[in-house]
Amino acid sequence: MIGLITNFEQWFLHPNEQSKKTFSELMDNTFKLIVDESMKVNKPFAGASRQDIESMVKKVTRIPECGQNLKDVMMDIHEGIVKQSLWISHPSAMAHLHCPPLLPSIAAEMIIGALNQSMDSWDQSPAATYVEEELLQFFINQIGYPANADGVFTSGGTQSNYMGLLLARNQACETYFSVNVHEDGLPVEASKLRILCSEHAHFTVQKSAAQLGLGIHSVVKVKTNNKQQLCLDDAKEKLDLLHQQGLIPFMIVATAGTTDFGSIDNVKEIADLANTYRLWLHVDAAYGGALLFSHQYRQLLDHLWEADSITIDFHKLYYQSISCGAFFVKEKKSFQQIMYHADYLNPEEDYEEGIINLVEKNIQTTRRFDALKILMTFKLLGTDMFGEMIDYTIHLAKKTAQLLREHEFDVVNDPVMNAVLFRFVPDHVDAPHVIDEINLELQRYFYQSGELIMAKTKHNGKIYLKFTMLHPLNTIERMKEHIEKLKQVAKKIESEKGEDIYEYSVRR
Ligand SMILES: *Cc1c(COP(=O)(O)O)cnc(C)c1O
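Not measured: the values here are computed from a predicted model.

K.L.:
Which parts of the structure should I look at to understand the domain arrangement of the protein?
P.N.:
Accessible area lost during the coming together of the parts is what is often quoted as the interface size. Examined at the domain level, the protein breaks down into domain 1 (2-94), domain 2 (117-369) and domain 3 (378-507). The centre of domain 2, based on its C-alpha atoms, is set 32 Å off from the matching centre of domain 3. Of the residues lining the interface, 24 residues belong to domain 2; the matching set on domain 3 comes to 26 residues. For the pair domain 2 and domain 3, the summed buried area comes to about 2,000 Å², and 67% of that belongs to carbon and sulfur atoms. Among the residues domain 2 hides against domain 3, the three largest losses belong to Asp260, Phe261 and Tyr319. Together they make up 29% of the total. If you look at where domain 2 meets domain 3, you find 1 salt bridge. The shortest N-O distance in the salt bridge between Asp260 and Lys466 comes to 3.1 Å.

Right under this line is the structure:
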C-alpha cells in the first residue's frame, strides 16, 4: 500500500520532491514544445488533408492501461496534434474572431489550472471572487455604467447573449403578464413576445430565443443601411406593425462590431428608440467591446452605458485564450430574476450576511477563474499599449481595404473595426455561380497551402471572403504580398474555369 501512495503523490501538487520533479518535467517539456514550435512555424497551417489529420490523431489518442513515458507522450502530442493544428499566433491566420493569445494570458492559464478555483461560491474561490468582482467594476467604470450596475464572467458571447435574452424575457413576462417565469414557467401569451435585431446581428440571438421557448420566429430582423448598421426607420416601421398585429416587442439587440463587417450600430439612436417603445436594450459588443480602450475610436462606444445589458468577449479582440467573456447589466437587481439558493452552495443566510456567491449571477455553476487572465494582461501591458494595439489593427484593415480596391477586388465595407469583406470578380465571367465557385476555391486553395487563412461568408446571396485582422504583428507589406498572390491564383482558377466552361459548351 505504501508503495502505491508514493506513486500517486507524483501526480498531484504536493510538498515533496517527487511531485516537484514530475511537475517540473511536465512544464519544461510543455514549454519547450510550444517555444520550439513557435520558432519554427512559418505559416499558420501545415496543410495536411482532413483524412491524414484524422488518422494521425487516431494514432495518438489510444488510451493505455499503464501510463506511458513522458517523452513519448509529448512526441505524440507534438507530431499528431500540435503540428496539425491551426497556429493562431501566426499573423496570416485571419479567418475568424479567433485571436492570438497574449503571453500573459497563456501564463495565467497555468495559475488558473493550478489553483483550480471554482467561481460559483465564495468558499471555493475566496480571493478569486473579489478579483472577478474588481475587474467587473473596472469594466463597469470604463463603460460608464452607474454604481448599481453589475456583471459576471461567462464562457463567451453565446452565453452572454443568452443571459441578456433570458433576463429581458423574464422581465417582460413580469411586466406584461404578471408571470414570474423563474417560478412558474412561460405563460401561453409569451408566444406574442418579439425581439428586434439587425440582419447582421449574431446568430446566437435567434438560437437563444429558440432555447428560451420564444422560438426563432420571435426574432424580427431589421434591415441595415449602407454602413451595415441597423436601420432606424425600418426598426420603427417594424415596431409599429408588430403593435398593430397585437404582438409585444420587448427587446432590441444592437451590435457593436458585427461578426462579418465589424460595423457598429448607432447605440444612441437605438437607445432613444428603446426608451420610446419601452424595449430592453441589449448591446452585443462581443467584438467591439475592445474599443473601450482605443485612443482613436473610443467615441464609437460613448453610449454603451445606455444599454440594459451588454456582452463583451475577451477571447476575441482582447487577445485572451479561450474561454473568457463577460455579461453586464445596468441594474444589479436584474440578476434576481435568475437567483436560486442551493442549501449546500449558496444558502440564503450567506446572501443576508453579504457573502458573495457568484453562482447567483450566472447560469453556470462550476466555473473557471478567467478574470486572472485579464488582470495579468492589463497589469503587464497597461491600458495604453492595449489601446495602441487595437488602433494599429484598425488602421491596417483600413489600408488593406484600400489595397484590395487598388487590385480591383470588390470590397463591401469601409472597415470601422478590423474586418474586411471582399471578393474577386473576374473580367470575363458573368455567371454568378462561377464567380462564387472561384472565390470558394480561392479560400480552399490558401487554407490547404497553409499560407493564408481567410474566412468565407455570404452577403446578398453571394460568396465573399473575409480578413479578420486581429493580429497586431501583421503588416501592410505582408498584406500586399497576400493580395498579389490572391490575384495571381484567382486569375489561374478563372482561366481553368474558363476552359471548363468552354469545353462544356463544345461538348454539348
Ligand atoms: C463571436 C460572437 C458571438 C459569440 O460569442 P462566443 O464567444 O463565440 O460564444 C456573439 N456575438 C458576436 C457579435 C460575436 O462576434
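Moving on from the coordinates now.
K.L.:
I would appreciate a short explanation of the sheet that holds strand S6 (residues 309-313) in the present structure.
P.N.:
Consider a sheet: its strands pair through backbone hydrogen bonds, and that pairing is either parallel or antiparallel. A sheet is described by the order of its strands in space; here 7 strands give the open sequence S1-S7-S6-S5-S4-S2-S3, paired in mixed fashion. Of all strands in the sheet, those bounded by a partner on one side alone are strand S1 (150-154) and strand S3 (219-222). This sheet shows a mean twist of 20° between the axes of neighbouring strands, independent of strand direction. As judged from the 5 bridges shared by strand S2 (residues 193-198) and strand S4 (residues 248-255), these two strands associate in the parallel manner. If you follow Leu193 over to S4, its bridge partner there is Ile248. Running over the sheet, helix H6 (residues 126-143) touches S1, S6 and strand S7 (325-329) and is turned about 120° from S1.

K.L.:
It is not clear to me how a negative patch on the surface should be interpreted in this structure. Could you clarify?
P.N.:
Taken together, Asp343, Glu348, Glu349, Glu352 and Glu353 make up a surface patch of like negative charges. Exposure remark for Glu352: the relative accessible area of 62% places this residue in the exposed category.

K.L.:
Honestly, the packing of H6 against helix H13 (residues 371-406) in this entry has me stumped. Any pointers?
P.N.:
Interhelical geometry of H6 versus H13 gives an angle of 55° and a closest axis separation of 9 Å. Taken as axis vectors, H6 and H13 run oblique relative to one another. As H6 runs across H13, the sense of the crossing is left-handed. On H13, the residues that touch Val131, Glu132, Leu135, Phe138 and Phe139 of H6 are Ala371, Ile374, Leu375, Phe378 and Thr383. The class makeup of the residues in the contact of H6 with H13 is 8 nonpolar, 1 polar and 1 charged.

K.L.:
I tried to follow the sheet that holds strand S9 (residues 419-423) on my own but got confused; where do I start?
P.N.:
The strand order across the open sheet built from 4 strands is S8-S9-S11-S10, with neighbouring strands paired in antiparallel fashion. Two strands bound the open sheet, and with one partner strand each, they are strand S8 (410-411) and strand S10 (455-459). Summarising the sheet, S9 and strand S11 (residues 462-468) pair through 4 bridges and their orientation is antiparallel. Within the sheet, the bridge partner assigned to Val420 lies in S11 and is Phe467. Contacts between H13 and the sheet are confined to S8, S9 and S11, with S9 contributing the most and set at about 10° to the helix. Strands S9, S10 and S11 of the sheet are contacted by helix H14 (residues 432-449), whose axis makes an angle of about 30° with S11.

K.L.:
What exactly am I supposed to notice about the environment of Ser191 here?
P.N.:
Tracing the backbone shows Ser191 in the loop between helix H8 (181-184) and S2. Counting along the chain gives 266 residues from Ser191 to Thr457, while the straight-line C-alpha distance between them is 32 Å.

K.L.:
Hey, could you run me through the site of the ligand in this one?
P.N.:
Near the ligand lie 14 residues; those nearest to it are Thr158, Asp284, Asp313, His315 and Lys316. One of the side-chain nitrogen or oxygen atoms of Thr158 is found 2.5 Å away from an oxygen atom of the ligand. Calculation on the ligand without its partners gives an accessible area of 380 Å², and the protein chains cover 85% of this total. In terms of residue class, the shell around the ligand is built from 2 nonpolar, 9 polar and 3 charged.

K.L.:
It is not clear to me how the side chain of Asn413 should be interpreted in this structure. Could you clarify?
P.N.:
Summarising the element assignment, Asn413 is placed in the loop between S8 and S9. Among the residues examined, Asn413 registers a relative accessible area of 1% and is labelled buried. Looking at Asn413, its side chain comes within polar contact range of the main-chain oxygen of Phe261, at 3.2 Å. Here the side chain of Asn413 touches Ala419 through a polar contact of 2.9 Å, landing on its backbone oxygen. In this view, Asn413 contacts Gln228, Phe261, Ala401, Arg405, Ala419, Val420 and Leu421; residues no more than four positions away in its chain are not counted.

K.L.:
What is the right way to look at the pattern of salt bridges in this model?
P.N.:
Close approach of charged atoms allows side chains of opposite charge to pair. Scanning the model with the defined rule gives 25 salt bridges in all. Residue Arg405 is joined to Asp414 by a salt bridge in which the shortest nitrogen-to-oxygen separation is 2.9 Å. When its relative accessible area of 56% is taken as the criterion, Asp414 is described as exposed. Notably, a salt bridge pairs Lys487 with Glu408, separated by 3.4 Å at the nearest N-O pair.

Calculation rules
Residues numbered from 1 in each chain as written. Predicted model: local features only at pLDDT ≥ 70, side-chain atom pairs only at ≥ 80, totals over all residues. Heavy atoms only, no water. Domains from an automatic or database assignment. Contact = heavy atoms within 4.5 Å. Buried area = accessible area lost by both parts, 1.4 Å probe. Salt bridge = Lys/Arg side-chain N within 4 Å of Asp/Glu carboxyl O. Pairing = 2+ DSSP bridges. Helix = DSSP H or I, 4+ residues; strand = E, 2+ residues; numbered from the N terminus. Axes fitted to C-alpha atoms, helices over the stretch in contact; angles between N-to-C directions. Patch = residues over 30% accessible without salt bridge, like charges linked within 9 Å, V, L, I, M, F, W, Y side chains within 5 Å. Areas by Shrake-Rupley, 256 points an atom, 1.4 Å probe, with all protein chains shown as cover. Lys, Arg positive; Asp, Glu negative; His and termini not counted. Charge placed at Lys NZ, Arg CZ, Asp CG, Glu CD. Buried < 20%, exposed > 50% of the residue type's maximum accessible area, 1.4 Å probe, protein only. Parallel < 35°, antiparallel > 145°, perpendicular 65-115°, else oblique. Left-handed = near helix turned anticlockwise from the far one by under 90°. Nonpolar A, V, L, I, M, F, W, Y, C, P; charged D, E, K, R; others polar. Near = heavy atom within 4 Å. Polar contact = N/O pair within 3.5 Å; in protein donor to acceptor, adjacent residues only side chain to side chain.

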